[in-house]
Amino acid sequence: MQQRRHPRPKHLRWARALPRVTPFYAVKCNNSISVVRTLASLGCGFDCASKAEIQQIESLGVAPSRIIYANPCKQASQIKYASAHGVQKMTFDSEVELLKVARCHENAKLVLRIATDDSNSVCPLSVKFGATLKGCRGLLQRAKELSLDVIGVSFHVGSMCRDPATYTQAISDARFVFDMAEEFGYKMSLLDIGGGFPGSEDVKLKFEEITAIINPALDKYFPADGGVRIIAEPGRYYVASAYTLAVNIIAKKVIVKEQSPSNEEEDHETNEKTMMYYVNDGVYGSFNCILYDHAECLPILHAINYL
Ligand SMILES: *Cc1c(COP(=O)(O)O)cnc(C)c1O
């Protein structure tokens, strides 16, 4: 990977477009040391999905209060690690997770992840994570019985969201859950609006077009004087335009497509020739983004070295 542009200008753009929202960078997106170090120095928080990611961010000297363990299905041993290292904020969306946290963490500050309507996103995530609004009541009640502290609500609209109304609906749903939580004696103080923001400009819906919809929704449902801190978990937004994948062409072959027998009398020169190039990366490596993240790769030939 070659670094092209620093995430720093992206951070300034974020602060302009979403002044009320503190970004917690989703480390799983790209954990290159120069990226996480830059974002740490700019005051970003971090969304970590595993013990290894927590360890990396800790090693930069980032305080555990600037980390959210935003994986709703965590390994028990890794919850214990978070507990021992002062990482308190963590998401959940099921009863089993509550039981694990009650058993493995001294004083977790839980964030209830709700499902969103992500049918308009390139990569929907709510199939895998997120409680339904109906399910939230039972989870809040169970959390109360277990004497667990639930401090807020999170959601993820799916990566590369193409319909900003999804954010409005999710923010309004979050308000609903905040009010529901009050019935159980919880005074929630954290709203996490997740990721899903585009990282490049060649998209249907630009970053500022999304934030122009989010800001009024936040002001309506979570007014600035309401005592609720708002964070987000942008991943691609920070790094998609910062890196270019460089691969080498390591072999090539000319493939001649045989013409059908009926055309046999025609000149051999008309046979279709295709060049096949072999590169030193593949779908088991960097290109798994094509299989799993709907990435589109545009090859650019950079330099030619004849053998
Ligand atoms: C992947 C992920 C993100 C980042 O998603 P982007 O669409 O790249 O912004 C944020 N939060 C969670 C929980 C994730 O799994």
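Parameters and conventions
- Residues numbered from 1 in each chain as written.
- Predicted model: local features only at pLDDT ≥ 70, side-chain atom pairs only at ≥ 80, totals over all residues.
- Heavy atoms only, no water.
- Helix = DSSP H or I, 4+ residues; strand = E, 2+ residues; numbered from the N terminus.
- Expected span 1.5 Å × (residues − 1).
- Buried < 20%, exposed > 50% of the residue type's maximum accessible area, 1.4 Å probe, protein only.
- Arc of directions from axis to C-beta.
- Contact = heavy atoms within 4.5 Å.
- Axes fitted to C-alpha atoms, helices over the stretch in contact; angles between N-to-C directions.
- Parallel < 35°, antiparallel > 145°, perpendicular 65-115°, else oblique.
- Left-handed = near helix turned anticlockwise from the far one by under 90°.
- Nonpolar A, V, L, I, M, F, W, Y, C, P; charged D, E, K, R; others polar.
- Near = heavy atom within 4 Å.
- Polar contact = N/O pair within 3.5 Å; in protein donor to acceptor, adjacent residues only side chain to side chain.
- Areas by Shrake-Rupley, 256 points an atom, 1.4 Å probe, with all protein chains shown as cover.

## Quick word on helix α6 (residues 133-145)
In step 1: The end-to-end C-alpha distance of α6 is 19 Å, a good match for the 18 Å that 13 residues give at a rise of 1.5 Å each.
In step 2: For α6, the full list of buried residues reads Cys136, Leu139, Leu140 and Ala143. Down the axis of α6, the buried side of the element spans an arc of 105°, and every buried residue falls inside it. Relative to its buried face, α6 has exposed residues pointing more than 90 degrees away, namely Lys134 and Glu145.
In step 3: Where α6 is buried, its residues touch β5 (89-92), α5 (95-104), β6 (109-113), β8 (149-154) and α7 (165-183).
In step 4: Just beyond α6, the residue with positive phi is Ser147, at close to 55°.

## With respect to the packing of α6 against α7
In step 1: α7 packs onto α6 with a crossing angle of 30° between their chain directions and a minimal axis gap of 10 Å. When the axes of α6 and α7 are compared, the pair comes out roughly parallel. In terms of crossing hand, the pair formed by α6 and α7 is right-handed. Within the contact between the two elements, α6 uses Leu133, Cys136, Arg137 and Leu140 and α7 uses Asp173, Phe176, Val177, Met180, Ala181 and Glu183.
In step 2: Looking at the contact of α6 with α7, its residues break down into seven nonpolar, no polar and three charged.

## Digging into the site of the ligand
In step 1: Taken together, 13 residues are adjacent to the ligand, and Lys28, Ser159, Glu233, Gly235 and Arg236 come closest.
In step 2: One nitrogen or oxygen atom from the side chain of His156 is found 3.0 Å from an oxygen atom belonging to the ligand.
In step 3: Within the complex, the protein chains bury 91% of what would otherwise be the 390 Å² of accessible surface of the ligand.
In step 4: Grouping the constituent residues of the shell around the ligand by class yields three nonpolar, five polar and five charged.

## Some points on helix α3 (residues 51-58)
In step 1: The set of residues buried in α3 consists of Glu53, Ile54, Gln56 and Ile57. Buried residues along α3 cover an arc of 160° about the axis, so they all sit on one side.
In step 2: On its buried face, α3 is in contact with α2 (33-41), β3 (45-48), β4 (67-69) and α4 (76-84).

## Remarks on unusual backbone geometry
In step 1: The phi dihedral of Ser147 is positive, around 55°, even though this residue is not glycine.
In step 2: Here Ser147 shows up in the loop between α6 and β8.

Read these as spatial facts, not as claims about activity.
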